[in-house]
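If you want the building blocks of each chain, they are given just below.
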Amino acid sequence: MNAPERTASFLLDEDSGEVKIVYSDDTKVTNAGTFRFNKEDHTIGNLFRMQLLRDPSVRFAGYLHPHPLVYYINLKIQTNNSTVAPVEVLSSAIEDLANETDHLITQFQEATDNWKRENDTEGQF
């Protein structure tokens, strides 16, 4: 059959030395760089882009997913000045997203526990 392997979209090819993230400085624009995220798609690209645009030190953040059968995204980041590197703002964005996720999990668990307590449905599920 003329189709790619199903696992090709989410498993790194360790035999060929494929890594998850590759960073390269931009040669044309100052304070900018491009991250290539292998085996990722619009889900993570849009999440990072939105979080990066919340940061006041980020001038530009955008991503490109070239084709549905190509399993990587390119995330381009440009900062406002040379004191903050694109690697630093991405690291900060990832940390902020992890904190938001922890907060959501905690709030969900508290709301679920309150609902169970109020409706006395412990053990019915």
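These numbers were taken from a predicted model, which means no experiment stands behind them.

What counts, and where the lines are drawn
Residues numbered from 1 in each chain as written. Predicted model: local features only at pLDDT ≥ 70, side-chain atom pairs only at ≥ 80, totals over all residues. Heavy atoms only, no water. Helix = DSSP H or I, 4+ residues; strand = E, 2+ residues; numbered from the N terminus. Contact = heavy atoms within 4.5 Å. Polar contact = N/O pair within 3.5 Å; in protein donor to acceptor, adjacent residues only side chain to side chain. UniProt positions renumbered as here; feature names shortened; annotations may be inferred. Pairing = 2+ DSSP bridges. Axes fitted to C-alpha atoms, helices over the stretch in contact; angles between N-to-C directions. Expected span 1.5 Å × (residues − 1). Buried < 20%, exposed > 50% of the residue type's maximum accessible area, 1.4 Å probe, protein only. Core = buried A, V, L, I, M, F, W, Y, C linked by side-chain atoms within 4.5 Å.

### Some thoughts on the environment of Gln 51
- With respect to the helices and strands, the residue Gln 51 is situated in helix H1 (residues 42-53).
- Along the primary structure Gln 51 and Leu 97 are separated by 46 residues, whereas in three dimensions their C-alpha atoms are 7.4 Å apart.
- Among all residues touching Gln 51, those that are not within four sequence positions of it are Ala 93, Asp 96, Leu 97 and Glu 100.
- Here the side chain of Gln 51 touches Arg 54 through a polar contact of 3.1 Å, side chain to side chain.

### Comments concerning the UniProt feature "domain: DNA-directed RNA polymerase RBP11-like dimerisation" (unreviewed entry) in the protein
- The sites that UniProt annotates as "domain: DNA-directed RNA polymerase RBP11-like dimerisation" (unreviewed entry) are residues 34-106.
- Across residues 34-106, the secondary structure splits into 45% helix and 27% strand, with the terminal C-alpha atoms separated by 34 Å.

### Details of the sheet that holds strand E3 (residues 58-64)
- Spatial ordering of the open sheet is given by E1-E2-E4-E3, a layout of 4 strands whose pairing is antiparallel. Each edge of the open sheet carries a strand with a single partner, namely strand E1 (21-25) and E3. Strand-to-strand, the axes of this sheet are offset by a mean angle of 15 degrees, without reference to chain direction.
- Where E1 meets strand E2 (residues 32-38), 5 bridges bridge the pair, whose relative direction is antiparallel. Along E2, the bridge assignment pairs Val 22 with Arg 36.
- Contacting E2, E3 and strand E4 (72-79), H1 crosses the sheet at an angle of about 175 degrees to E3.

### So, helix H2 (residues 86-119)
- The end-to-end C-alpha separation of H2 is 49 Å, in line with the 50 Å expected for 34 residues at 1.5 Å each.
- Among the residues of H2, Pro 86, Val 89, Leu 90, Ala 93 and Leu 97 are the ones counted as buried.
- Those residues of H2 that are buried lie in contact with E1, E2, H1, E3 and E4.
- Immediately downstream of H2, the backbone of Asp 120 shows phi near 50 degrees, a positive value.

### Here we look at the nonpolar core
- Among the nonpolar cores identified, the biggest contains 13 residues, and Phe 37, Leu 52, Leu 75, Ile 77 and Leu 90 are the most heavily contacted of them.
- Listed by contribution, the elements that provide at least two residues to this core are E2, H1, E3, E4 and H2.
- By residue number, the principal contributor to this core is H2, which donates 4 residues.
- Not counting the four nearest positions on each side in its chain, Leu 52 is found in contact with Val 58, Ala 61, Leu 75, Ile 77, Val 89, Leu 90 and Ala 93.

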